[in-house]
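# Chains, contacts and geometry: an overview
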Amino acid sequence: MSEDYHVTTQFFVHKNSSSHLSHNQKPDMISSLVYLFLSLLSYSHSTTAIASTTTTTTTSTLDVASSVQKTLDILNPSFLRKQSEKTKTETKTTSLSFTLHPRSSIHHNQHYHDYESLTLARLARDSHRVTSLITKLNFAISGANKSETNPVYKPDYLTTPVTSGLSQGSGEYFARVGLGTPAQSYYMIIDTGSDLTWLQCKPCSNCYQQTDPIYDPSGSSSYNALPCTSKQCESLDMSACESNTCLYQVSYGDGSFTVGDFVTETVSFNSGSVPSVAVGCGHDNEGLFAAAAGLLGLGRHPLSFPSQIKSTSFSYCLVDRDSANASTLDFNSVPPANSITVPLLQNPKMKSFYYVGLTGISVGGRPLPIPPSIFAIDGSGKGGAVVDSGTAVTRLHTQAYNSLRDEFTQQARSLKRTNGYGLFDTCFDFSAMTSVKVPNVAFIFAGGKTVSLRPENYLIKVDSSGKFCLAFAPTADALSIIGSIQQQGTRVGYDMGNSVVSFSPNDC
């Protein structure tokens, strides 16, 4: 600052050196110099403050070339087979764990002629998933009696068939679950937004195509039908009774449903087993379930899988959904030392969902001006933020999304924009790049806990030409959903005993 002042005053004196100052003029000159000094001092402080608020942002590098290559590999069956064989020997497991696979490594993608068509199918499935969750929540908030609004299965008629044209199935991650005695392995969708575990069973009155042979109860010595008076049967939201055999029905908000006998079976893990777990043996299963044998309900209801095996915690790590790698779904495991723990909340109107204390979002290290009330559960049970394994793209209340999008595009204004895509309105053209610096994005939770996302968690490729989109979407509903794309590469732990959710980055 003294150098700046020195140069300026020399310039000032030089301009006036041709005139001689009288004795009476000298005090005015000194006053002018003092005034100039104070003005420069004030200007220096103000420009420093402005610079600190406009240029201090944090960025990370997105590997464009690697991401684009994955769009080609995922459509190559021979590549997937080689990677799957390699994964079998590398996946580390514990006793109470299932091996976890991304859907694309199990369900063949040959009917997609390019990655763009695969992306569109995924987005369509995801929209159905979100509709299902919101419908389930609104139904619970309304307090309606399910038996009055949905038909309970009777042998002489069936529930209204699903009209959706999507036959590719829902769910992006499958657990490899052993069932019966002797144990047979099945791919089952993991779902933190559902409670009941079920799978397709012979004889089928209506079964969709799945990867594994359909479960046959006659081949298992541990299969037992539950009587109508059993505690498990009485805990069902929708049930019926036929010849003292408990019948179940689960209807999803997207129109899918499963109907059949409610039974107990032995469930086998990578090592060890648990007997007498109540599961649905579905004889009529229609909707968005193709490829998987059924669904593993990981919600918070007494009939959920964790509750039945008396597990007070579980965790999973979701690998890149375009990868043939595998990870694990672990029960009663200890969170890694680097875990970031955030509050696990309860919504009295919807006790199954995993609500978390989300309070804000930051972009480039700057917290967005989003009122914390946007993510709070109100008195009616609306609002809040849930962590969900079945939703892919994170949904944010429109006000929160707009704030995120506007700040991100402002900080990324030097990057080449392109047209929106599907439910994404913010996309970029990285076709001429192998890597690119992008603003950081992080979730902020109660207590100031921050979970930073990798660039791959919020900028995803939608084709094989280098088009990437901001992987968030607005919703008019008050419920925000942290989806699986934002969870990829992080071990997410649900500790019901201590009412916390943990995030352990880079722990697959």
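Along each chain, residue indices are assigned from 1 in the same order as the chain's sequence is written. With pLDDT at 70 or above as the cut-off, local features in this predicted model cover only qualifying residues; side-chain atom pairs require 80 or more to be listed or tallied, and sums for whole chains, interfaces and linings still use all residues. Working from all heavy atoms in the structure, the side-chain values ignore hydrogens and water.

## Let's talk about the overall build of the protein
Rules: The numbering of helices and of strands both runs from the N terminus, where a helix is a DSSP run of H or I of at least 4 residues and a strand a run of E of at least 2. Three exposure classes are used, based on accessible area relative to the maximum for each residue type with a 1.4 Å probe and protein chains only: buried under 20%, partly exposed in between, and exposed over 50%. Every residue pair with non-hydrogen atoms within 4.5 Å of one another is taken to be in contact. With residues, only the protein chains shown are counted as cover, and all accessible areas are computed by Shrake-Rupley using a 1.4 Å probe.
Tallying secondary structure elements over the protein gives ten helices and 30 strands in all. For the protein, buried positions account for 51% of its 508 residues. Looking at the protein alone, contacts between residues at least 24 apart form 73% of all its contacts between residues at least 6 apart. Surface summary for the protein: the accessible area is close to 22400 Å², and the carbon and sulfur share equals 53%.

## Comments concerning the pattern of salt bridges
The criterion, for reference: Note on definitions: salt bridges are taken to be side-chain nitrogens of Lys or Arg within 4 Å of carboxyl oxygens of Asp or Glu.
Within this structure, the stated rule accounts for 13 salt bridges. Arg122 is the partner of Asp322 in a salt bridge, and the nearest nitrogen-oxygen pair spans 2.8 Å. One end of the pair, Asp322, is in the loop between strand S12 (313-317) and strand S13 (327-331); the other, Arg122, is in helix H5 (residues 115-142), with 200 residues separating them in the sequence. Assigned by exposure class, Asp322 and Arg122 land together as buried. Residue Arg176 pairs with Asp212 through a salt bridge whose shortest N-O separation is 2.9 Å. One end of the pair, Arg176, is in strand S3 (residues 173-179); the other, Asp212, is in the loop between strand S5 (198-200) and strand S6 (224-225), and 36 residues separate them in sequence. Overall, the relative accessible area of 25% leaves Arg176 in the partly exposed class. Linked by salt bridges that have partners in common, Arg122, Asp322 and Lys461 make up one network.

## Some remarks on the sheet that holds strand S23 (residues 441-445)
Selection rule: Only strands that DSSP links by at least two bridges are regarded as paired with each other. Axis lines are fitted through C-alpha atoms, for helices just across the contact stretch, and the angle between N-to-C directions can take any value from 0 to 180 degrees.
Taken together, four strands build an open sheet; the order of strands is S17-S16-S23-S24 and the sheet is antiparallel. Across the chains shown, the open sheet's two edge strands, defined by having one partner strand only, are strand S17 (366-367) and strand S24 (450-452). Of the strand pairs in this sheet, strand S16 (residues 358-363) and S17 are connected by two bridges, and their pairing is antiparallel. When the bridges of S17 are listed, Val363 appears paired with Arg366. Packing of helix H9 (residues 398-411) onto the sheet brings it into contact with S16, S17 and S23, and relative to S16 it is tilted by some 20°.

## Observations concerning the side chain of Thr119
Among the structural elements, Thr119 can be located in helix H5. In contact with Thr119, other than residues within four places in its own chain, are Tyr421, Lys461 and Val462.

## Re the confidence of the model for the protein
In low-pLDDT regions, the fine details of the predicted coordinates are not to be read closely. Test applied: As a per-residue quantity, pLDDT reports the predictor's confidence and falls between 0 and 100.
On average, the protein scores 84 in pLDDT, and the residues at 70 or more come to 79%. Scored below 50 in pLDDT, residues 1-27 shows twelve contacts in the model against residues more than four places distant or in partner chains.

## What about helix H3 (residues 64-73)?
Here is the rule we go by: N or O atoms within 3.5 Å of each other form a polar contact, as long as, within protein, one can give a hydrogen and the other can take it, and as long as residues adjacent in sequence are counted only when both atoms are side-chain atoms.
What H3 keeps buried is the set Val64, Ser67, Val68, Thr71 and Asp73. If you check the start of H3, you find a side-chain oxygen 3.4 Å away from the backbone N of Ala65, and it comes from Asp63.

## Section: the side chain of Asp322
Since its relative accessible area comes to 4%, Asp322 is described here as buried. Looking at Asp322, its side chain comes within polar contact range of the side chain of Lys461, at 3.2 Å. The contacts of Asp322, once residues within four sequence positions are left out, are Lys70, Ile74, Tyr115, Arg122 and Lys461.

## Quick look at the packing of aromatic side chains
Think of a pair of aromatic rings as described by two things: how far the centres are apart, and how the planes are tilted against each other in angle. How we decide: Each Phe, Tyr or Trp ring (for Trp, its six-membered ring) is paired with any other whose centre lies within 6.5 Å, and the angle between the two planes then decides the class: stacked below 30 degrees, edge-to-face above 60, tilted in between. Should the NZ of a Lys or the CZ of an Arg lie within 6 Å of a ring centre and within 35 degrees of the ring normal, that charge is described as sitting over the ring.
Throughout the structure, instances matching the rule amount to 21 aromatic pairs. When the centroid spacing of 6.0 Å and the interplanar angle of 75° are considered together, the rings of Phe314 and Tyr354 count as edge-to-face. With Phe314 in strand S12 and Tyr354 in strand S15 (residues 350-356), this residue pair connects regions lying 40 residues apart in the sequence. Residues Phe314 and Tyr354 agree in their burial class; the two are buried. An aromatic cluster is defined as three or more aromatic residues linked by ring pairs; in this entry it consists of Phe98, Phe269, Phe305, Phe314, Tyr316, Phe331, Tyr354 and Tyr494. The ring of Tyr187 is capped by Arg176, whose NZ or CZ atom sits 4.0 Å from the centre of that ring.

## Describing the sheet that holds strand S26 (residues 467-470)
Taken in spatial order, the four strands of this open sheet run S20-S21-S26-S25, and their pairing is antiparallel. Taken across any chain shown, the strands that pair with only one partner, and hence form the sheet edges, are strand S20 (417-418) and strand S25 (459-461). Note that strand S21 (residues 427-429) and S26 share three bridges and pair antiparallel. Bridge pairing in S26 places Phe428 opposite Phe468.

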